[in-house]
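In case you want the letters, here they are:
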Amino acid sequence: MDHHEIPDFSEMQDEDDAFGYSLRPETLSEFIGQEQAKEQLRIHIEAAKKRGDALEHVLLVSPPGLGKTTLAKIISNEIQSNFKQAIGPVMERLDLASTLTNLEHTDILFIDEIHGMKGHVQESLYPAMEDYQLDLTLGQGPASDVVQLQLKPFTLVGATTREGLLAGPFRDRFGIRIHLDYYEAEDLQQAIRINSAKLDINIEETAEYALARRSRGTMRIANKLLANVRDYAQVKGDGTLSLEVVEEALEFFGIDERGLNAQDSAYFQTLIEKFNGRAGLKALAVALSEDERTIAEVYEPYYIKEGFLALTPGGRVATDAAYAYFDYPVASQTSLFH
Ligand code: ADP
């Protein structure tokens, strides 16, 4: 594909295809949990529909796997508009321009990882978001010319795991900000029940709960665990997910009762043994041979939520709870103030 072509990622393989069946909820009422976020969206969608206007731009904020992409698609279903999808860090100005000029009235443009968009690409979005206008530079050097294009009123839905990295003026241009929290075990259990039924999996209620509790508050992980234990049960048993089989499978896959695995143990082992319980992100990333962003965006938010980790000006600090959970003697050096 030449790089001036519109990058259309809407045909990208859906992770739910791992099941050969789409598990994504398609309407707000099918979207489990996150009651406040849903109510907020319901109101804005209904008001925009009544006025016949495009919905205000929406910023979706959460750790990975909590439903940002799913919600963006739901918004477009609810307002019955087209859905275009792009990924922030790989977008160039020209890609953006051709995508924007092809949008119809009330269409949704979903940009994932919007915090990773290049600065000048972000800035070219400002007039588009504010006045549905796009300044396009034609040609190069002294012969270049700027033309102003009028766009159809559209809705930008941006998703980010790192809201803090968005420039203030950019963030301010989103009229609606939706924050998704980690899910309660009951919500995850409901998803596991619904998805098991869709996939014809026979599962015991206690087994649903066991999976939910190990899903780290994350819908994507609940779905993955369900897929993994189903495979295990089909090979090792008769396919039925009893509590016994599920616990056996989880042990086989190395997932403990808090949903933590070998990677998580390695994180805390490194932090506690190598760095005496306190380290900067860079040092940790090098010691673990892991990408800094993955550590900060994927792993650590859950550790913080579980009370295992504190972010302090002096670095990442393993809490007493982490020492206790990973079987280290709780020592006074875990104080946040030393
Ligand atoms: P994100 O974009 O935040 O990384 P996704 O929207 O891709 O997360 O969701 C990950 C998976 O979890 C998808 O398979 C989706 O079907 C499922 N999922 C997310 N949120 C919900 C929800 N509230 N109810 C049911 N399934 C959900």
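Residues numbered from 1 in each chain as written. Predicted model: local features only at pLDDT ≥ 70, side-chain atom pairs only at ≥ 80, totals over all residues. Heavy atoms only, no water.

Colleague: Which residues make up the packing of helix 10 (residues 262–274) against helix 12 (residues 292–305), and what are the values?
Modeller: Axis separation between helix 10 and helix 12 bottoms out at 12 Å; the angle between their running directions is 85 degrees. Between helix 10 and helix 12, the interaxial angle falls into the category roughly perpendicular. Within the contact between the two elements, helix 10 uses Gln263, Asp264, Tyr267 and Phe268 and helix 12 uses Ile295, Tyr299, Glu300 and Tyr303. Tallied by class, residues from the contact of helix 10 with helix 12 come to 5 nonpolar, 1 polar and 2 charged. (Axes fitted to C-alpha atoms, helices over the stretch in contact; angles between N-to-C directions. Helix = DSSP H or I, 4+ residues; strand = E, 2+ residues; numbered from the N terminus. Parallel < 35°, antiparallel > 145°, perpendicular 65-115°, else oblique. Contact = heavy atoms within 4.5 Å. Nonpolar A, V, L, I, M, F, W, Y, C, P; charged D, E, K, R; others polar.)

Colleague: Run through the domain arrangement of the chain, naming residues and quoting values.
Modeller: In terms of domains, the chain is made up of domain 1 (34–179), domain 2 (183–252) and domain 3 (262–332). Put simply, the middle of domain 2 and the middle of domain 3, counted by C-alpha atoms, are 28 Å apart. (Domains from an automatic or database assignment.)

Colleague: Explain the pattern of salt bridges to me, using residue names and the numbers behind them.
Modeller: Pairing is possible between side chains that carry opposite charge, provided their charged atoms lie close to one another. As enumerated under the stated definition, the model contains 16 salt bridges in all. A salt bridge links Glu39 to Arg42, with the shortest nitrogen-to-oxygen separation between them at 3.2 Å. You can see Glu39 and its partner Arg42 sitting in helix 1 (residues 35–51), 3 residues apart, about one turn around the helix. Using a relative accessible area of 34% as the deciding quantity, one classes Arg42 as partly exposed. A salt bridge links Arg51 to Asp53; the nearest nitrogen and oxygen atoms lie 3.1 Å apart. (Salt bridge = Lys/Arg side-chain N within 4 Å of Asp/Glu carboxyl O. Buried < 20%, exposed > 50% of the residue type's maximum accessible area, 1.4 Å probe, protein only.)

Colleague: How would you sum up unusual backbone geometry? Please name residues and give values.
Modeller: At Gln80, a position not held by glycine, the phi torsion is positive, near 55 degrees. Within the secondary structure, Gln80 is located in the loop between helix 2 (68–78) and strand 2 (83–87). Of note in this structure, Asp327 is not a glycine but carries a positive phi near 65 degrees. Take Asp327: it is sitting in the segment after helix 13 (320–325).

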